[in-house]
Amino acid sequence: MKKYAIVGVGHRSYMYLGALVGEHAADGELVGLCDSNPGRLDAAIAYIGRPVPRFAPDAFETMLAETGTERVIVTVPDNIHAEYIVRALEFGCDVITEKPLTMDAVSIGRIAEARRRTGRAVIVGFNYRYSPVRTLLKQVLMSGIIGHVQSATFEWLLDTHHGADYFRRWHRTKANSGGLFVHKATHHFDLLNWWLGTTARRVTARGRRVFYLPEIGDALGFEGRGERCTGCPVFARCGFRLDIPSSRHLTSLYAETEQHDGYLRDKCVFSADIDIEDSMNAIIDYQNGVVANYTLTAYNPCEGYRVVFDGTRGRAELLNVERPYVQPDGRLVCPALPETNRITVQPHFARSYQLALPPSDGTHGGGDSVMLRRLFRDASNDQYGHVADDRAGAWSALVGIAANASLATGMPVDLATLAADVPTPDYAPEPFGPQAIWREFDPARYAFLDGATIM
Ligand SMILES: NC(=O)c1ccc[n+]([C@@H]2O[C@H](COP(=O)([O-])OP(=O)(O)OC[C@H]3O[C@@H](n4cnc5c(N)ncnc54)[C@H](O)[C@@H]3O)[C@@H](O)[C@H]2O)c1
């Protein structure tokens, strides 16, 4: 059983904490916690229900030494991932880091160099890959049913509940998060790389902030609003509000700890000091000739995505509605509606059909629980190449970094000009041929769009 320490015990760390004290308690031992905020360390220990050694950032190496940590889980804000990844590697530990691997080309190089020098491993928690539905789409592409993919269209919609959240706290400045092209889209660029089995070569991007602006806040009737939701004069009628007191988790994690570091979890989403985009587009050229068209917006009425691959033998589309709408007071749809997915395959000169979908439970399209099993219990037989290392983290982050560079000049940016010698990831084994998909999934479960089934 390996010994784990976690650095950064904010929101995301609870997925790992919960696993290590719950379902995966027999797979790994939680031996240390490190955070700059003593209040959040208190909250984490209260959640765990037993004392765990706790350390301040300047005692990170002391923690690794005293606790015999073998794997460090990095869940701090994006702009300090690289610092902790490198410190952990240099101490002789392996690392599991949250996405994005890091935010800039220089630290991609630092991580690659430290990994080579130390021989230790880095895993990036690209939980989106592990979702059963996205894995099925990977199987479709690997099967060759639609031939060689030539182009892709990927549109991701963040709603006014989830999307707004990136405009409230540290994510809302490029210096902290790299903007949504890095912070959020790293998931999507990784999915494209993994689905296509290649890396990007060139990016041309556009991005603007068109919605989370002071004038839009005024136009929506929120004049006289405060700098944060707590105590805001328009709180009761604002559909963008974050109601911290209504959540015990948010209260213990942020409201009761803000006196230590001034971290305000509920800053107004219509503030003037935000500098990230809420509306982004990119054309991405891949090494294998595929061209992808990517769109991300963060102020939609609904949450979900659509991805389409066009190949030499046909077309495959995955349509997801994670949440159809948000309540007028900003709460989620209540009672919660299940996420819906549809994968449609349209071969040339034949009827199109929908694939029967595998069950997927839990957060992030069912990806989180599958990933935790892989990370903590058993990484063998990784048939679809789910487990991502620092090379995959680098190549997805580089797309966003190139997109940001393209925003600055309006010109296409070649990834090779940003970072040299970044090794190419092993995205997946060789394609396994059309028969395999039929073997694995009972053909009787494939419904044609007109209601018949494949026999
Ligand atoms: N994969 C996913 O679906 C997913 C979802 C949410 C967040 N994330 C990622 O998880 C990471 C954390 O996000 P979050 O929402 O938990 O943020 P958060 O602000 O809630 O937590 C960050 C924690 O890091 C601590 N911290 C800040 N500076 C530190 C330092 N110098 N040393 C030690 N600790 C420090 C903070 O006090 C806080 O407790 C981010 O990288 C984010 O991109 C991933």
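Residues numbered from 1 in each chain as written. Predicted model: local features only at pLDDT ≥ 70, side-chain atom pairs only at ≥ 80, totals over all residues. Heavy atoms only, no water.

### A closer look at the overall build of the protein chain
Line of reasoning, step 1. Check the secondary structure of the protein chain and you find 16 helices and 17 strands.
Line of reasoning, step 2. Expected size for 455 residues packed as a compact globule is a radius of gyration near 23 Å; at 22 Å, the protein chain falls within 12% of this value.
Line of reasoning, step 3. For the protein chain, the C-alpha atoms occupy an extent of roughly 65 × 55 × 45 Å along the three principal directions.
Line of reasoning, step 4. Residues classed as buried in the protein chain amount to 56% of the 455 residues present. (Helix = DSSP H or I, 4+ residues; strand = E, 2+ residues; numbered from the N terminus. Rg over C-alpha atoms; globule rule 2.2 N^0.38 Å. Buried < 20%, exposed > 50% of the residue type's maximum accessible area, 1.4 Å probe, protein only.)

### Points about unusual backbone geometry
Line of reasoning, step 1. The residue after Lys 99, namely Pro 100, is reached through a cis peptide bond having omega -15°.
Line of reasoning, step 2. Summarising the element assignment, Pro 100 is placed in the loop between β5 (94-97) and α5 (105-118).
Line of reasoning, step 3. Even without glycine at this site, Phe 349 takes up a positive phi of about 55°.
Line of reasoning, step 4. Note that Phe 349 resides in the loop between β13 (340-347) and β14 (353-354).
Line of reasoning, step 5. Relative accessible area serves as the criterion here: at 88%, Phe 349 is assigned to the exposed category.

### Some words on the packing of aromatic side chains
Line of reasoning, step 1. In this structure the tally under the stated criterion is 23 aromatic pairs.
Line of reasoning, step 2. Between Tyr 4 and Phe 376, the ring centres sit 5.0 Å apart and the planes meet at 85°, which makes this aromatic pair edge-to-face. With a gap of 372 residues between them, Tyr 4 in strand β1 (residues 2-7) and Phe 376 in helix α14 (residues 367-376) connect regions that are remote in the sequence. Like Tyr 4, the residue Phe 376 is buried in the burial classification.
Line of reasoning, step 3. Here Tyr 14 and Tyr 47 contribute two aromatic rings whose centre-to-centre distance is 4.9 Å and whose plane-to-plane angle is 65°, an arrangement assigned as edge-to-face. Taken together, the positions of Tyr 14 in helix α1 (residues 13-21) and Tyr 47 in helix α2 (residues 38-48) put the pair 33 residues apart, joining distant regions of the chain.
Line of reasoning, step 4. Look at Tyr 47 and you get partly exposed, because its relative accessible area is 42%.
Line of reasoning, step 5. Here the aromatic cluster, defined as three or more aromatic residues joined through ring pairs, consists of Tyr 128, Phe 154, Trp 156, Phe 181, Phe 189, Trp 195, Tyr 294, Tyr 305 and Phe 309.
Line of reasoning, step 6. Lying over the aromatic face of Phe 235, Arg 241 brings its terminal NZ or CZ to 4.9 Å of the ring centre. (Phe/Tyr/Trp six-rings, centres within 6.5 Å; stacked < 30°, edge-to-face > 60°. Lys NZ or Arg CZ within 6 Å of the ring centre and 35° of its normal.)

### Focus: the packing of α1 against α2
Line of reasoning, step 1. α2 packs onto α1 with a crossing angle of 30° between their chain directions and a minimal axis gap of 10 Å. Our classification of the angle between α1 and α2 gives roughly parallel. Where α1 crosses over α2, the handedness of that crossing is right-handed. From α1, Tyr 14, Leu 17, Gly 18 and Val 21 reach across to α2, where they touch Ala 43, Ala 44, Tyr 47 and Ile 48.
Line of reasoning, step 2. In terms of residue class, the contact of α1 with α2 is built from seven nonpolar, one polar and no charged. (Axes fitted to C-alpha atoms, helices over the stretch in contact; angles between N-to-C directions. Parallel < 35°, antiparallel > 145°, perpendicular 65-115°, else oblique. Left-handed = near helix turned anticlockwise from the far one by under 90°. Contact = heavy atoms within 4.5 Å. Nonpolar A, V, L, I, M, F, W, Y, C, P; charged D, E, K, R; others polar.)

### As for the domain arrangement of the protein chain
Line of reasoning, step 1. Considered domain by domain, the protein chain is made up of domain 1 (2-127), domain 2 (132-211 + 275-360 + 390-405 + 426-440) and domain 3 (214-261).
Line of reasoning, step 2. The C-alpha-based centres of domain 2 and domain 3 are spaced at 30 Å.
Line of reasoning, step 3. Counting from both sides, the interface comprises nine residues of domain 2 and, opposite them, eight residues of domain 3.
Line of reasoning, step 4. Taken together, both faces of the contact between domain 2 and domain 3 bury some 770 Å²; the carbon and sulfur share is 52%.
Line of reasoning, step 5. Area buried by domain 2 at its contact with domain 3 is led by Arg 168, Phe 211 and Asp 329, which between them contribute 53% of it.
Line of reasoning, step 6. For the interface between domain 2 and domain 3, the tally reads zero salt bridges.
Line of reasoning, step 7. Counting the contacts that link domain 2 with domain 3 gives two residue pairs in polar contact (both at pLDDT 80 or more).
Line of reasoning, step 8. Broken down by class, the residue content of the side of domain 2 that touches domain 3 amounts to four nonpolar, two polar and three charged. (Domains from an automatic or database assignment. Buried area = accessible area lost by both parts, 1.4 Å probe. Salt bridge = Lys/Arg side-chain N within 4 Å of Asp/Glu carboxyl O. Polar contact = N/O pair within 3.5 Å; in protein donor to acceptor, adjacent residues only side chain to side chain.)

### Description of the state of the cysteines
Here a disulfide denotes one covalent bond, and it connects the sulfur atoms of two cysteines.
Line of reasoning, step 1. Enumeration according to the criterion identifies zero disulfides in this entry.
Line of reasoning, step 2. No disulfide involves Cys 238; its sulfur sits 6.5 Å from the nearest other cysteine sulfur, which is in Cys 229.
Line of reasoning, step 3. According to the relative accessible area criterion, Cys 238 is buried, its value standing at 10%. (Disulfide = S-S within 2.5 Å.)

### A few points about the nonpolar core
Line of reasoning, step 1. Counting residues in hydrophobic clusters, the biggest one holds 104 residues, and the most contacted among them are Trp 195, Ile 284 and Phe 309.
Line of reasoning, step 2. The dominant element in this core, judged by the number of residues it contributes, is helix α15 (residues 390-409), at nine residues.
Line of reasoning, step 3. Sequence-distant contacts of Phe 309, that is, excluding residues within four places in its chain, are made with Leu 137, Leu 141, Ile 146, Val 149, Ser 151, Ala 152, Leu 192, Trp 195, Leu 196, Gly 314, Arg 315 and Ala 316.
Line of reasoning, step 4. Counting residues in hydrophobic clusters, the runner-up holds 33 residues, among them Tyr 14, Val 52, Cys 229 and Phe 376. (Core = buried A, V, L, I, M, F, W, Y, C linked by side-chain atoms within 4.5 Å.)

### Digging into the pairing of strand β11 (residues 303-311)
As a general feature of sheets, a regular strand has side chains that alternate between the two faces.
Line of reasoning, step 1. Burial analysis of β11 places seven of its nine residues in the buried class, which makes it a mostly covered element.
Line of reasoning, step 2. Across nine bridges, β11 lies against strand β12 (residues 314-323) in antiparallel orientation. Its bridge partner being in β12, Val 308 is matched across the sheet by Glu 317. (Pairing = 2+ DSSP bridges.)

### Some points on the site of the ligand
Line of reasoning, step 1. Surveying the vicinity of the ligand reveals 28 residues, the closest of which are Asp 35, Arg 40, Asp 78, Tyr 254 and Tyr 263.
Line of reasoning, step 2. Contacts to the ligand include Tyr 84, whose side-chain N or O atom sits 2.7 Å from a nitrogen atom.
Line of reasoning, step 3. Residue contributions to the shell around the ligand reach at least three from each of two domains, namely domain 1 (2-127) and domain 2 (132-211 + 275-360 + 390-405 + 426-440). (Near = heavy atom within 4 Å.)

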